[in-house]
Amino acid sequence: SCSRAKDVTMPAKLPVNFFSTRSPVIDLFRGQLDYADQLRQDSEIVLYFFYAPWCGQSIAAREEIEHVASRLSDQVLFVAVNCWWNQGKCRKQKHFFYFPVIHLYHRSFGPIEYKGPMSAVYIEKFVRRVMTPLLYISSRSKLLDFLSNYEPGVVGFFEFNASPQPPGYLTFFTSALHSLKKDYLGTIRFGVVTDKRVAEEISLVHSGTVYLHRHANTSLIYPKDIMNFTAENICKWALENREMLIRWLRPHGGKSLLLNNELKKGPALLIFIPYNPLAEIHPLLDEITKVALEYHKCNKSQGAEPDLQHVGDSDSPAFDSSVTDAHLKFSETFPIAKYPCCNTVVLPQWHSISRTHNVCELCVNQTLGVKPNKVHVPHCNFLEIEAALDSFYLQEHTFFQVISDTIECSNFLSFYSPFSYYTACCRTVNRHFLSLISSEKTIFQTPKVAFSSHGKKDNTQFSIPHIEDRNCFIPDLNISSTNITGLSCRTNKTLNLYLLDSNLFWIYAERLGASRSTHFKEFAAIVDLKEEVHYVLDQNQSLVGPTL
Amino acid sequence: SRRERVRAMFYHAYEHYLESAFPYDELRPLTCDGQDTWGSFSLTLIDALDTLLILGNVSEFQRVVNVLQEGVDFDIDVNASVFETNIRVVGGLLSAHLLSRKAGVEVEAGWPCSGPLLRMAEEAARKLLPAFQTPTGMPYGTVNLLHGVNPGETPVTCTAGIGTFIVEFATLSHLTGDPVFEDVARKALKALWKNRSDIGLVGNHIDVITAKWVAQDAGIGAGVDSYFEYLVKGAILLQDKELMSMFLEYNKAIKNYTKFDDWYLWVQMYKGTVSMPVFQSLEAYWPGLQSLIGDVDNAMRTFLNYYTVWKQFGGLPEFYNIPQGYTVDKREGYPLRPELIESAMYLYRATRDPTLLELGRDAVESIEKISKVDCGFATIKDLRDHRLDNRMESFFLAETIKYLYLLFDPDNFIHNDGSDFDVVVTPYGECVLNAGGYIFNTEAHPIDPAALHCCRRRKEEQWEVEDLMREFYSQKKTKKFTLKKAPNHGEGESANDPEDASSEKAGEKRNSKKSSHSLLSCPSQSFNSKLAVLGQVFLDNT
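Residues numbered from 1 in each chain as written. Chains lettered and ligands numbered in written order. Predicted model: local features only at pLDDT ≥ 70, side-chain atom pairs only at ≥ 80, totals over all residues. Heavy atoms only, no water.

**With respect to the UniProt feature "binding site: Ca(2+)" (unreviewed entry) in chain B**
Residues and elements named next belong to chain B.
Part 1 of the argument: When the UniProt feature table is mapped to this numbering, "binding site: Ca(2+)" (unreviewed entry) covers Thr442.
Part 2 of the argument: The topology assignment puts Thr442 in the loop between β22 (439-440) and β23 (446-447).
Part 3 of the argument: Dropping the residues within four chain positions of it, Thr442 is found in contact with Ile87, Thr164, Ser226, Glu229, Tyr230 and Glu399.
Part 4 of the argument: Engagement of the side chain of Thr442 in a polar contact is seen with the side chain of Glu229, the distance being 2.9 Å. (UniProt positions renumbered as here; feature names shortened; annotations may be inferred. Helix = DSSP H or I, 4+ residues; strand = E, 2+ residues; numbered from the N terminus. Contact = heavy atoms within 4.5 Å. Polar contact = N/O pair within 3.5 Å; in protein donor to acceptor, adjacent residues only side chain to side chain.)

**Looking at the side chain of Arg250 of chain A**
Residues and elements named next belong to chain A.
Part 1 of the argument: By the secondary structure assignment, Arg250 is in the loop between β12 (246-248) and α9 (258-263).
Part 2 of the argument: Among buried Asp, Glu, Lys and Arg side chains, Arg250 stands out as unpaired, with Glu151 the closest opposite charge at 5.7 Å.
Part 3 of the argument: The residues touching Arg250, leaving out its near neighbours within four places in the chain, are Pro117, Tyr122, Leu185, Leu258, Tyr275 and Phe505. (Buried < 20%, exposed > 50% of the residue type's maximum accessible area, 1.4 Å probe, protein only. Lys, Arg positive; Asp, Glu negative; His and termini not counted. Salt bridge = Lys/Arg side-chain N within 4 Å of Asp/Glu carboxyl O.)

**Considering the interface of chain B and chain A**
Part 1 of the argument: With 57 residues of chain B at the interface, the matching set in chain A holds 51 residues.
Part 2 of the argument: Here chain B and chain A share an interface that buries about 4200 Å² over both sides, 57% of which is from carbon and sulfur atoms.
Part 3 of the argument: Broken down residue by residue, the surface that chain B buries against chain A is led by Phe527, Lys530 and Leu531 of chain B, which jointly contribute 18%.
Part 4 of the argument: Applying the counting rule to chain B against chain A returns 1 salt bridge.
Part 5 of the argument: One salt bridge connects Lys255 of chain A with Asp262 of chain B, and the closest N-O pair in it is separated by 2.7 Å.
Part 6 of the argument: Our count for the chain B to chain A interface comes out at 19 residue pairs in polar contact (both at pLDDT 80 or more).
Part 7 of the argument: At the level of elements, β2 (33-35), α12 (296-313), α14 (354-371), β16 (372-373) and β19 (387-389) of chain B are the ones that each hand at least two residues to the side of chain B that touches chain A.
Part 8 of the argument: Classifying every residue of the side of chain B that touches chain A by side-chain character gives 18 nonpolar, 17 polar and 22 charged.
Part 9 of the argument: Here 2 bridges tie strand β1 (residues 9-10) of chain A to β19 of chain B, and the two strands are oriented antiparallel to one another. (Buried area = accessible area lost by both parts, 1.4 Å probe. Nonpolar A, V, L, I, M, F, W, Y, C, P; charged D, E, K, R; others polar. Pairing = 2+ DSSP bridges.)

**Observations concerning the sheet that holds strand β12 (residues 274-276) of chain B**
Residues and elements named next belong to chain B.
Part 1 of the argument: Strand order in the open sheet made by the 3 strands is β8-β11-β12, with antiparallel pairing throughout. Taken across any chain shown, the strands that pair with only one partner, and hence form the sheet edges, are β8 (217-218) and β12.
Part 2 of the argument: Bridging between strand β11 (residues 266-268) and β12 involves 2 bridges; their strand directions are antiparallel. By the bridge assignment for β12, Trp266 is matched with Met276.

**Observations concerning the sheet that holds strand β6 (residues 109-114) of chain A**
Residues and elements named next belong to chain A.
Part 1 of the argument: Here we have 5 strands laid out as an open sheet, ordered β2-β4-β3-β5-β6, and mixed in their pairing. Sheet topology places β2 (26-28) and β6 at the edges, where each strand pairs with a single neighbour. On average, adjacent strands in this sheet sit at an angle of 25 degrees to one another, irrespective of strand direction.
Part 2 of the argument: Where strand β3 (residues 45-51) lies against strand β4 (residues 76-82), 7 bridges are found, and the strand directions are parallel. Bridging from a neighbouring strand, Val46 pairs with Leu77 of β4.
Part 3 of the argument: Of the strands in this sheet, β5 (101-106) and β6 touch helix α6 (residues 169-182), which is tilted by about 30 degrees from β6. (Axes fitted to C-alpha atoms, helices over the stretch in contact; angles between N-to-C directions.)

**Remarks on the pattern of salt bridges**
Where side chains of opposite charge bring their charged atoms close, a pairing between them can arise.
Residues and elements named next belong to chain B.
Part 1 of the argument: One pass over the structure, following the stated rule, counts 40 salt bridges over all chains.
Part 2 of the argument: Across the pair Glu4 and Arg7 runs a salt bridge, and its minimum N-O distance is 2.8 Å. Taken as a pair, Glu4 and Arg7 lie in helix α1 (residues 2-21) at a separation of 3 residues, close to a single helical turn.
Part 3 of the argument: The partly exposed category is assigned to Glu4, whose relative accessible area is 30%.
Part 4 of the argument: Between Glu60 and Arg63 there is a salt bridge whose closest N-O contact spans 2.9 Å. With Glu60 and Arg63 both in helix α3 (residues 58-71), this residue pair falls 3 residues apart, about one helical turn.
Part 5 of the argument: Assessed through its relative accessible area of 13%, Glu60 is described here as buried.
Part 6 of the argument: Residue class for Arg63 comes out partly exposed when judged on its relative accessible area of 38%.

**Re the environment of Ala268 of chain A**
Part 1 of the argument: With respect to the element layout, Ala268 of chain A can be found in strand β13 (residues 268-273).
Part 2 of the argument: Taking the C-alpha atoms as reference points, Ala268 of chain A and Asn496 of chain A, separated by 228 residues in sequence, lie 4.6 Å from one another.

**Details of the packing of helix α7 (residues 166-176) of chain B against helix α8 (residues 180-194) of chain B**
Residue and element names in this part refer to chain B.
Part 1 of the argument: At their nearest, the axes of α7 and α8 sit 7 Å apart, and the two run at 150 degrees to each other. Between α7 and α8, the crossing angle belongs to the class labelled roughly antiparallel. Taken as a pair, α7 and α8 cross one another with a handedness that is left-handed. Two secondary-structure elements touch here, α7 through Ile166, Phe169, Ala170, Leu172, Ser173, His174 and Thr176 and α8 through Val180, Phe181, Glu182, Val184, Ala185, Arg186 and Leu189.
Part 2 of the argument: Residues of the contact of α7 with α8, tallied by class, amount to 9 nonpolar, 3 polar and 2 charged. (Parallel < 35°, antiparallel > 145°, perpendicular 65-115°, else oblique. Left-handed = near helix turned anticlockwise from the far one by under 90°.)

**Quick notes on the UniProt feature "active site" (unreviewed entry) in chain B**
All names here are of chain B.
Part 1 of the argument: Taking the UniProt record as the reference, the feature "active site" (unreviewed entry) is found at Glu84, Asp225, Glu318 and Glu339.
Part 2 of the argument: Along the chain, the position of Glu318 falls in the loop between α12 and β14 (319-321).
Part 3 of the argument: Look at Glu318 and you get buried, because its relative accessible area is 18%.
Part 4 of the argument: If we ignore the near neighbours within four places in the chain, the residues touching Glu318 are Phe279, Gln280, Ser281, Arg331, Gly333, Pro335 and Arg337.
Part 5 of the argument: As for its position among the elements, Glu339 is in helix α13 (residues 339-351).
Part 6 of the argument: Judged by relative accessible area, which is 11%, Glu339 ranks as buried.
Part 7 of the argument: Beyond its immediate chain neighbours, meaning those up to four positions away, Glu339 contacts Ser281, Leu282, Ala284 and Tyr285.

**Quick notes on the packing of aromatic side chains**
Any two aromatic rings considered together are summarised by their centre-to-centre distance and by the angle between their planes.
Part 1 of the argument: Tallied over the full model, the rule gives 53 aromatic pairs over all chains.
Part 2 of the argument: Aromatic side chains Phe10 of chain B and Tyr11 of chain B sit 5.1 Å apart centroid to centroid with 85 degrees between the ring planes, which places their arrangement in the edge-to-face category.
Part 3 of the argument: Judged by relative accessible area, which is 0%, Phe10 of chain B ranks as buried.
Part 4 of the argument: An aromatic cluster is present here, built from Trp193, Tyr227, Phe228, Phe247, Tyr250, Tyr264, Tyr285 and Trp286 of chain B joined pairwise through their rings.
Part 5 of the argument: The aromatic ring of Phe18 of chain A is capped on one face by Arg62 of chain A, whose charged end is 4.4 Å from the ring centroid.
Part 6 of the argument: For the cation-ring pair, Arg91 of chain A lies above Trp84 of chain A, with the distance from its terminal atom to the ring centre recorded as 4.1 Å. (Phe/Tyr/Trp six-rings, centres within 6.5 Å; stacked < 30°, edge-to-face > 60°. Lys NZ or Arg CZ within 6 Å of the ring centre and 35° of its normal.)

**Side note on the environment of Val143 of chain B**
Part 1 of the argument: Residue position: Val143 of chain B is located in strand β4 (residues 142-144).
Part 2 of the argument: On the basis of relative accessible area, Val143 of chain B is assigned to the buried category, the value being 0%.

**A look at the state of the cysteines**
All names here are of chain B.
Part 1 of the argument: The final tally for this structure, using the stated rule, is 4 disulfides over all chains.
Part 2 of the argument: The residue that forms a disulfide with Cys113 is Cys455, at a sulfur-sulfur distance of 2.1 Å. An S-S torsion of about -90 degrees defines the bridge between Cys113 and Cys455 as left-handed. Placement of the pair is Cys113 in the loop between α4 (82-99) and α5 (116-128) and Cys455 in the loop between β23 and α16 (459-478), with a sequence separation of 342 residues. Each member of the pair, Cys113 together with Cys455, is buried.
Part 3 of the argument: Each sulfur in the disulfide pair Cys431 and Cys454 lies 1.5 Å from the other. Across the S-S bond linking Cys431 and Cys454, the dihedral sits near -50 degrees, which makes this disulfide left-handed. (Disulfide = S-S within 2.5 Å.)

Rendered as structure tokens:
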């Protein structure tokens, strides 16, 4: 056929507006990067949205950006730049591997790349953090609020009695901005105290001191004499020494080992809650924080409590760090109360129709044998529990028959040590209130599925009797889950706590057994990657302190 | 919805083909006319036929069947690619033949063992048979449809051009009763297997007379790709353990020598040294193939690598230099190929990971924004600036659109899990069809594996099956029967209704009982695969 037409090609279509002309976002759809840079002079805070017009993610993020812009356009300049068109300056100067890319500038500081979820509330929260990287802590109660947060807090004390600015303040301010570059989830919060009396509450005497608050371990003062007082160093120091009682997991969607790395650290409690980063208060989160603090509290007289009490109690003398140190030593010599090591075991269920489950609390008791006077190591050995489990499963048939509302206990000797024996207390739990389900690899998957669909039916059809059930359930639970205080110190197997926003990551909850269509997107599960089991907190339970 | 956008894309291209290009093979979207490319078969129409049914358009399907019956002639003096003619023409006609009853076409009494489309497929395939008359049994790459192999024809054929026949040819043999097709296809496969290197790899071009490797680059992409694909698909379609074990051997060597960080590179087939650190657009079928053997974790990890390349350019360049992170000179085009979308479709059936729908969304946006022109969709000549070329390959309607649509249409009949089926009376007895488990040929033409059991009169086999059925049911009554693990993908395996398909299931059981149980069934998934969604991957699963 006509061969000349073979060589016909067509250049790419010319770029057109990506944002509507009425949008508060300035759309440089011809990629005018030079003009974009000029615009930066006009505003203290600038957000750049680099996009490619063909990119699905850019198109999806466009609305979110518009939404944020409509709320903040009086304080922040929003500039969108087409960084794809090959005639444009942006494409010629920048080399992106994905779109969109969001950069923020605080005056001359930047770019700070936003890498969080492409959702308006999260973007707005981050922009607000860039606008005010330092929180001004004006009073004692504000300090208490600031420090009681579950996320690590860094406080700088700067006396503004002389003009222009106290030495080091700008560095501290920059370090707060700097942290947003590294720690794009914004987990570390920076605050500044200017009042001497407020500063004294956390033993800060000298202006220019920087303090990192920690709940479970002692808090730290930035070691000026060892490290230079630079923004990078402060940020690095805070990142390295921060305490992560609870961590948010926010997979970015690309290939990532985040869950792999976190879950390989050991068993993890994943808590799913709907989260609005812009909300002023987070009651549910406060509740969870309390639980986390309890869990990490190793001794009643140690850790977070004294700090916080101290803050609340204005009359006490100021602690300096050496006092806290001494305090710590004291508690170490204090004999740790002896707790048995226990493990809850749900017996495998052979009849999927059966509505009952046998739950056993398996404990290791060391009655005989030589015990050291001082126990330094946490004395519940993981191997012991393993061994106990082994022996337990060998005698499983004994417990298997038990169908009883009372708790029946029996002791059996360890195979490995004549000095210790195991106690197993078993009871039968109606499947209605089953709090723990265990899925062991493949064999039990089928019954598990059968159960969850069964549970769903219950929710909808018998919702009223279920409320009554719940009353009976709570005492049940208290039997199996004893006081959690200091639990992290008692067992060798620490449970790591993680939060996930169920608005964004509900799919992980579904994968762990949560139902797809539930009104309350709250869910909690313990995942143990190594043992290949996971335990699910009954979804009918509200997420509150005692149940957790 | 996205599904409806894909449907609109199909009709935009299809209607302009009919209007401006038919009866030529392909539409030229920039000049709004047509040209012959792979022969003179109205190729786009044949290729798009079963997509019409998947979109639910039975009336147009019926019209096209009539048009093809009258219009297409294979007695023509045309040099045709043996490979392309097989996958597009034979494959397209076979799948249309098997789907025609579902599409409401009046079928003749002997269907599915006879019918006009089957006769056309057989006729086309017979035109290809002379190519297989070589000392090695490996076919020539090109054949003249009227005169057979041209004197002086080059004996150099690519590996895929030798090993991509078993799906169509075995189906033809089973339906027509003539074993010649399956025999030549198997012989060619075995010749390749025999000529693999000591380290277990094959190159990408071989001399079919002397069996010497002419191009010794080993990889999973261009020149080799569908050979591996057909070992797996042939194994599933024919429940053939030998083909599967061949693939698994290759798979080991491929992992050992070519895999780095979930990328697959090109290596020298004898030494295993890296020759090209390049990712090819054609290689993107591999995650889909891995999902068919149940290796979902590795499939997702590789898929996520490939997806980053799409995000960088809005398409996959023919070659992408991995260390440089950029396209390769002269290989910057994207002719709207389906492979990455195909993998997304398979993996979505297996994992329901929303990331896969996101790739689908990106593909729809990219193709519409970049390549849509007044007369259809144009090949992207250069992904760096999105310049367009005057071509719309027939696989755009046969594959790209089909897989996109199936990704967004979870209830499509193609995804049937066996809960639905048809019973057909044939001269050889009753026969179950359309129960799902479709095998897509490498041009995305679905073949119903159940149809392969319809057209043979073999009394002993039938009795054996009936015995097994009885045994199956008595077992079920007395013992608790461990059900075969549900296939974790919609496509590869035929999971049929227990009542009517027990013959097939019992047959499967019998087959797999004999040797290792796992060869033809998928392994159970690892514990952490539960959480391997939205980009999360886990280490040491393998």
